[in-house]
Amino acid sequence: MPIAYLTRIVEFTATHRFPPGPEFGGAAKDHSHRYQVHVTVKGSFAPERSGVLGLKAFDTMLAREVTARFDEQHINDRIPEFADGRRLATGEALAVYIWDRIATALPAGVRLHAVRVQESDHLYSEYFGEA
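1. Examining helix α1 (residues 55-70)
So, point 1. Between its first and last C-alpha, α1 extends 21 Å over 16 residues, near the 22 Å set by a 1.5 Å rise per residue.
So, point 2. By the largest-angle criterion, alanine 63 marks the main kink of α1, which is about 45 degrees.
So, point 3. The complete set of buried residues in α1 reads Phe58, Met61, Leu62, Glu65, Val66 and Phe70.
So, point 4. Of the surrounding secondary structure, the elements contacted by the buried residues of α1 are β1 (3-16), β2 (31-44), β3 (73-74), α2 (75-78) and α3 (91-103).

2. Concerning the sheet that holds strand β4 (residues 110-120)
Strand pairing in a sheet takes place through backbone hydrogen bonds and is either antiparallel or parallel in direction.
So, point 1. Here five strands make up an open sheet; going across it, the order is β3-β1-β2-β4-β5 and the pairing mixed. Because the sheet does not close on itself, it has two edges, and the strands there are β3 and β5 (123-127).
So, point 2. Note that β4 and β5 share five bridges and pair antiparallel. Looking across to β5, one finds that glutamine 118 is bridged to tyrosine 124.

3. Considerations on the pairing of β2
So, point 1. By the bridge criterion, 14 bridges tie β1 to β2 in an arrangement that is antiparallel. The residue bridging threonine 13 from the neighbouring strand is arginine 34, located in β2.
So, point 2. Sheet analysis places β2 next to β4, joined by eight bridges and oriented antiparallel. Its bridge partner lying in β4, valine 37 is registered against valine 117.

4. Observations concerning the packing of aromatic side chains
Each aromatic ring pair is summarised here by two numbers: the centre-to-centre distance and the angle between the ring planes.
So, point 1. Inspection of every chain in the model, using the stated rule, returns six aromatic pairs.
So, point 2. On the numbers, 5.8 Å between centres and 85 degrees between planes, the contact of phenylalanine 70 with tyrosine 97 is edge-to-face. Linking phenylalanine 70 in helix α1 with tyrosine 97 in helix α3, this pair joins segments that are 27 residues apart in sequence. Accessibility assignment for this pair places phenylalanine 70 and tyrosine 97 in one class, buried.

5. Details of the side chain of asparagine 76
So, point 1. If you trace the backbone, asparagine 76 turns up in helix α2.
So, point 2. A distance of 2.9 Å separates the side chain of asparagine 76 from the backbone nitrogen of arginine 17, its partner in a polar contact.
So, point 3. Excluding its chain neighbours within four sequence positions, the residues that come into contact with asparagine 76 are His16, Arg17, Phe82, Ala83 and Ala89.

6. Considering the packing of α1 against α3
So, point 1. Between α1 and α3, whose axes approach to 10 Å, the crossing angle comes to 140 degrees. Considered as vectors, α1 and α3 are oriented oblique to each other. Relative to α3, the crossing made by α1 is right-handed. Across the interface between the two elements, Met61, Leu62, Glu65, Val66, Arg69 and Phe70 from α1 touch Leu94, Tyr97, Ile98, Arg101 and Ile102 from α3.
So, point 2. Here the contact of α1 with α3 is built from residues that sort into eight nonpolar, no polar and three charged.

Cut-offs and rules
Every residue gets a number counted from 1 within its own chain, in the order that chain's sequence is written. The model is predicted, so local features are restricted to residues of pLDDT at least 70 and side-chain atom pairs to those at 80 or more, both for listing and for counting; the totals for chains, interfaces and linings are taken over all residues. The side-chain quantities take in all heavy atoms of the structure and omit both hydrogens and water. Note on conventions: DSSP H or I runs of at least 4 residues are helices, E runs of at least 2 residues are strands, and numbering of each starts at the N terminus. The span you would expect from a helix comes to 1.5 Å times its residue count less one. A residue's bend is simply the angle between two axes: one fitted to the seven residues ending at it, one to the seven starting at it. The classification of residues rests on relative accessible area computed with a 1.4 Å probe and restricted to protein chains. Under 20% of the type maximum is buried, over 50% is exposed, and intermediate values are partly exposed. By the convention used here, residues are in contact when the closest approach between their heavy atoms is within 4.5 Å. Here, a strand pair is defined by DSSP locating no fewer than two bridges between the strands. Under the pairing criterion, centres of Phe, Tyr and Trp rings, with the six-membered ring standing for Trp, must be within 6.5 Å; the plane angle then separates stacked pairs below 30 degrees from edge-to-face pairs above 60, leaving the rest tilted. Pairs of N or O atoms are called polar contacts if they sit within 3.5 Å, as long as, within protein, a hydrogen donor faces a hydrogen acceptor (for residues adjacent in sequence, only side-chain-to-side-chain pairs). Angles run from 0 to 180 degrees between N-to-C directions of axes, and those axes are lines fitted to C-alpha atoms, restricted for helices to the stretch in contact. Working rule for angles: under 35 degrees goes down as roughly parallel, over 145 as roughly antiparallel, 65 to 115 as roughly perpendicular, anything else as oblique. In this scheme, a crossing is called left-handed if the near helix is turned counterclockwise away from the far one by less than a right angle; it is called right-handed if the turn is clockwise. Residue classes follow a fixed rule: Ala, Val, Leu, Ile, Met, Phe, Trp, Tyr, Cys and Pro count as nonpolar, while Asp, Glu, Lys and Arg count as charged, and any other residue, Gly among them, counts as polar.

Encoded structure:
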């Protein structure tokens, strides 16, 4: 049976900040991004089925694990893993965090392939589950 990939893109606006210092410059102050998160799953494709994963189930999971969690939030203040400098709220860290939330929520036979967190037209981070 062929393996197919399905990608859904969700967006949210969130604020974050980095620690003061020369590495982050002005980003040490609170600032917002309109993030795009691309989530790609893979699984067996059977033409008589609805695809790798039903879009309604995919959308519900992404709304719960990504959009509702981050939209209009301050990442450093509202997400415990990013509070008090435990994790810097970089695109890479967000991609890994989102991966961890989604990978365990997928139904049997569907695997997470990639999470891409895009902060701007010219900056994005991707994670493929490698440790």
